[in-house]
Amino acid sequence: MNVLTATRNAALFLIAGLGTALLALPLVWLVVCTALLSLSGVGLPLITPVTRLVRRLSGWQRRRLGIPAPPYLPLEGPLPARVRAAVGDPVAPREVLWLLAHGVTGIVLGLLAIGLPLTALNAATLPLWWSLPTGDPPSVLWYPIDSWPLALTGPVVAAGYVGVACLVLPPAAGLSERLSRRLLKPVSRVRLAQQVAMLTAARASALEAHAQELRRIERTLHDGTQNRLVALVMHLGMLERALADAPESTRRLTERAQEAASDALANLRDAIRAIHPPVLTEHGLDGALGALAARSPVPCTVEIADFPRLPAAVEAAAYFTAAEALTNVAKHSHAEKAVVRVHLDGGLLVVEVEDDGVGGARSGVGSGLTGIGHRSAAFGGRTALTSPPGGPTVLRVELPCGL
């Protein structure tokens, strides 16, 4: 009885696998077509929905077998980020391989799980079919039954089919299960790579959220506090003119109050530029670097490639990197000119600041260079400094920009 129960469970498992296998093979074809179309760029928008279908079908199989779901890379953000997450997910190749292997073996084993019981049932009911007044004689193993002795052999043949099913179906179900577990079970190396990727994505999201919060604070100070200070300075000026005939001590107090309000306004504007420069939001990285170069004490030119707007956190990091580097140039390099170069290199935003000063700069000396290194490290970027004695000094910062 235990053998028959195991055979029945194996047959049901394989029949259920036949359903996923019939979906797996067309999905493999869809994956291949999407990959070929993506070579010309046409199929890139299809990568995300196709990846979701693959994840859904493999997830259904994992739930059947009790396999924990892997920590997928999130398919969120702009199209390049979603494509990178879909293609770069280390689970993706294993799931596509499972689709192909399960599509082939699942159909064969599923049909076998259906065919053996149905054939056994057909053979067992041969005497019944023979006794019915039908036009064509029944058959078993494609041989027609034209007599009662042959019809009575049907149950014997059915028992043989049941024996074959008991011998074949449980090992076949075990093979199908092992194949799925081997390809869909999370691997420690894959999980580690996914965790690193997810931590990187989480860090990027946290930095972007931090940049958005800084922009909110900048707008609040710019549109609220700064406007009130401007109004205060204007009212104090009006008060000073109204008190032209007042005693000298009163006019001095008014002048000091206006000077203090003007200093507070200037300090607030400097703080706003330090939080998130309004010019960066209004004119982009190109315009912000141009304004930065125009204010530099050392003559500076900006060479920036043409590329789309980047995430606000990345643009802010590039801007402050250039600002801090130009401050160091003005303080320490004795340079006559400087150049700021910005371009994209793959998925990296590269910022280079070069000057013709005396050289000898060291990355471990001075808070400016240390701050630049910490800022790029927060994005998972890299900082390189070349500064031989006599110059030139070249600071190169690479920032992952999510493109």
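Up top you'll find the structure we're talking about.
Presented here is an overview of the structure given in this document. (Residues numbered from 1 in each chain as written. Predicted model: local features only at pLDDT ≥ 70, side-chain atom pairs only at ≥ 80, totals over all residues. Heavy atoms only, no water.)

Our next topic: the pattern of salt bridges. With the rule as written, the count across this model stands at eight salt bridges. Salt-bridge contacts for R396 lead to E352; the nearest nitrogen and oxygen are separated by 2.7 Å. Within this pair, whereas R396 is found in strand β7 (residues 393–400), its partner E352 is found in strand β5 (residues 348–355), the two being separated by 44 residues in sequence. By relative accessible area, which is 15% here, E352 ends up buried. Taken together, the shared-partner salt bridges connect E352, R382, R396 and E398 into one network. (Salt bridge = Lys/Arg side-chain N within 4 Å of Asp/Glu carboxyl O. Helix = DSSP H or I, 4+ residues; strand = E, 2+ residues; numbered from the N terminus. Buried < 20%, exposed > 50% of the residue type's maximum accessible area, 1.4 Å probe, protein only.)

Counting residues in each nonpolar core, the largest one holds 36 residues, and the members touching the most others are L285, L289, Y319, V340, V342, L349 and L399. For this core, the elements supplying multiple residues, two or more each, are α10 (278–295), α11 (312–333), β4 (338–345), β5, α12 (367–378) and β7. With 12 residues, α11 is the single largest residue contributor to this core. Every residue in contact with L289, bar those within four places of it in the chain, is listed here: V302, I304, Y319, A322, V340 and V342. (Core = buried A, V, L, I, M, F, W, Y, C linked by side-chain atoms within 4.5 Å. Contact = heavy atoms within 4.5 Å.)

Where β5 and β7 come together, eight bridges link them in antiparallel fashion. Within β7, the residue paired with L349 across the bridge is L399. Strand direction decides the pairing type here: strand β6 (residues 382–386) and β7, joined by five bridges, are antiparallel. Bridging from a neighbouring strand, L385 pairs with L395 of β7. Joining the antiparallel neighbours β6 and β7 is a turn of six residues, in which G390 adopts a positive phi near 90°. (Pairing = 2+ DSSP bridges.)

What follows covers the sheet that holds β7. Strands sit in the order β3-β4-β5-β7-β6 across an open sheet of five strands; the sheet is mixed. Two strands lie at the open edges of the sheet, namely β3 (300–304) and β6, each paired on one side alone. Neighbour to neighbour, the strand axes of the sheet diverge by 10° on average, direction disregarded. In this structure, β4 lies alongside β5, joined through eight bridges in antiparallel fashion. Looking at the pairing, V339 lines up with E354 of β5. (Axes fitted to C-alpha atoms, helices over the stretch in contact; angles between N-to-C directions.)

Such coordinate-based values are descriptive only and should not be taken to indicate function.
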